[in-house]
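# Residue-level structural notes
Each chain is listed here by its residues.
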Amino acid sequence: GGHNFVQTGLPFTRQVKQIVVDVIKDNDEENVTERDSSYLRSDSIESSAGHSFRLDVRNWNKIDTRDALIFLPGFNSWLKHSLETFGQLLAMTPKLSRHVYPVLFAWPGAQVLTYRKASFISASENNKKYFLQMLTSLQSRGITNVHIVSHSLGAQTLMNCFEDVCGEPSPVAQCFGPARLAGDNASSALNLGKLVCRSITMLNPDFPSHAFRERGFQSIRRVTSLITIVGDKADQALFWSSLINGLVNGCGRSQPSVLDFEDRCEQRGLQAPLGRNINLLYLDETKGKGGTLASQSEGGGDGKAWLDCDVIDTTGLDTNVNDLRHSAFNVNSILLRDIEELVVT
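Throughout what follows, the structure given in this document is the object of discussion. Remember, it's a predicted structure, so these values are computed and weren't measured experimentally.

## Topic: the side chain of Thr 228
You can see Thr 228 is positioned in strand β9 (residues 227-231). Judged by relative accessible area, which is 2%, Thr 228 ranks as buried. Sequence-distant contacts of Thr 228, that is, excluding residues within four places in its chain, are made with Ile 200, Thr 201, Met 202, Asp 310, Ile 312 and Leu 342.

## Comments concerning the nonpolar core
Counting residues in each nonpolar core, the largest one holds 48 residues, and the members touching the most others are Ile 70, Phe 131, Ile 148, Phe 162, Phe 176, Met 202 and Phe 212. In terms of residue count, helix α6 (residues 154-162) provides more of this core than any other element does, five residues in total. Once residues within four sequence positions are removed from consideration, Ile 148 is found in contact with Ile 70, Leu 72, Phe 131, Leu 158, Phe 162, Cys 197, Ser 199, Ile 200 and Thr 201.

## Comments concerning the pairing of β9
Across the five residues of β9, five count as buried, placing the element largely inside the fold. Of the two faces of β9, the one lined by Ile 227, Ile 229 and Gly 231 and the one lined by Thr 228 and Val 230 are each fully buried. Taken together, the four bridges between strand β8 (residues 196-203) and β9 define a ladder with parallel strand orientation. Residue Met 202 lies in a different strand from β9, and its bridge partner there is Ile 229. Examined bridge by bridge, β9 and strand β12 (residues 310-313) share four bridges and lie parallel to one another.

## Overview of the pattern of salt bridges
Counted by the stated rule, this structure contains eight salt bridges. Of the charged contacts in the structure, one is a salt bridge between Glu 84 and Lys 80, with a shortest N-O distance of 2.5 Å. Note that Glu 84 and Lys 80 are positioned in helix α2 (residues 79-91) at a spacing of four residues, about one turn of the helix. Looking at Glu 84, the relative accessible area reads 43%, which means it is partly exposed. Given a relative accessible area of 53%, Lys 80 falls into the exposed group. With a closest N to O distance of 3.9 Å, Glu 163 and Arg 215 form a salt bridge. You can see Glu 163 sitting in the loop between α6 and α7 (187-191) and its partner Arg 215 sitting in helix α8 (residues 209-221), a full 52 residues away along the chain. The class of Arg 215 is partly exposed, set by a relative accessible area of 34%. Among the charged side chains, a salt-bridge network with shared partners connects Glu 125, Lys 128, Glu 163 and Arg 215.

Parameters and conventions
Residues numbered from 1 in each chain as written. Predicted model: local features only at pLDDT ≥ 70, side-chain atom pairs only at ≥ 80, totals over all residues. Heavy atoms only, no water. Helix = DSSP H or I, 4+ residues; strand = E, 2+ residues; numbered from the N terminus. Buried < 20%, exposed > 50% of the residue type's maximum accessible area, 1.4 Å probe, protein only. Contact = heavy atoms within 4.5 Å. Core = buried A, V, L, I, M, F, W, Y, C linked by side-chain atoms within 4.5 Å. Pairing = 2+ DSSP bridges. Salt bridge = Lys/Arg side-chain N within 4 Å of Asp/Glu carboxyl O.

Taken by themselves, the reported measurements are silent on function.
Here it is, written out as structure tokens:
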């Protein structure tokens, strides 16, 4: 006969309303099937005594595959530190951790005295190759939706992977379908066998704002319409980045191609990193306006063509880490909720 078991309360049985286990002989198997046709899943195991043990689960709700959340850590973040940082973010955002498969893309982040080396590593061909391999592996495992979050110098790795090649989208960009429009369920991308980039979030990005406006933004905007930049105008870590890169530009030294921009070598003084200059997210007048790249500011009356992205300004936060104002994303509850909502909704 049938034996009914109540739910155990464990996560993997939380959605099961009833479990029925029937111990029957082989010649009774057909009768059991006729007796209850509401079974949605049936597994049978043959025993040495000639009995067939059947586990049937009624009202089984299959859990859909989760989205992948890819995190790109920043400068001076070794593997253990990156895992702790990412793990703390997930631990403090329960809705987020239930919604995604967390994936850490751990690139060689170097150390304090090797910032320039880290900058070139972040924009290396190896990083592109391994990022592409990671995406194809996720897709082969049934992942379709991807969220990307970068912190600090990890933005250079992100932008390097999406940098156009000879005026065409990069191999990484070609893994994704076109950016979704309002009300689009992303079925068009899935029908093409492409991944869907649900969102890109850049936390205190260490990336030249001029290069981002000229070329970088376009390279990621074609794959997603939800781009968010979290910045702090008093970010001290990015101040030192602006000083070092400003000296490099002033001396005419080379930079990775993804960091290059018009008139870079003629620039004097501090470079303007994106995370510290969130007020510069508009197109230059000489570059034109229109398309999906820019949207007119509402209510500002300044006439600028602001980039079609969202900005979270954390300059006014009362609490931050060691006065650097560079790594609040995994400790500040307000910012954590914002990040959670960006991915979950």
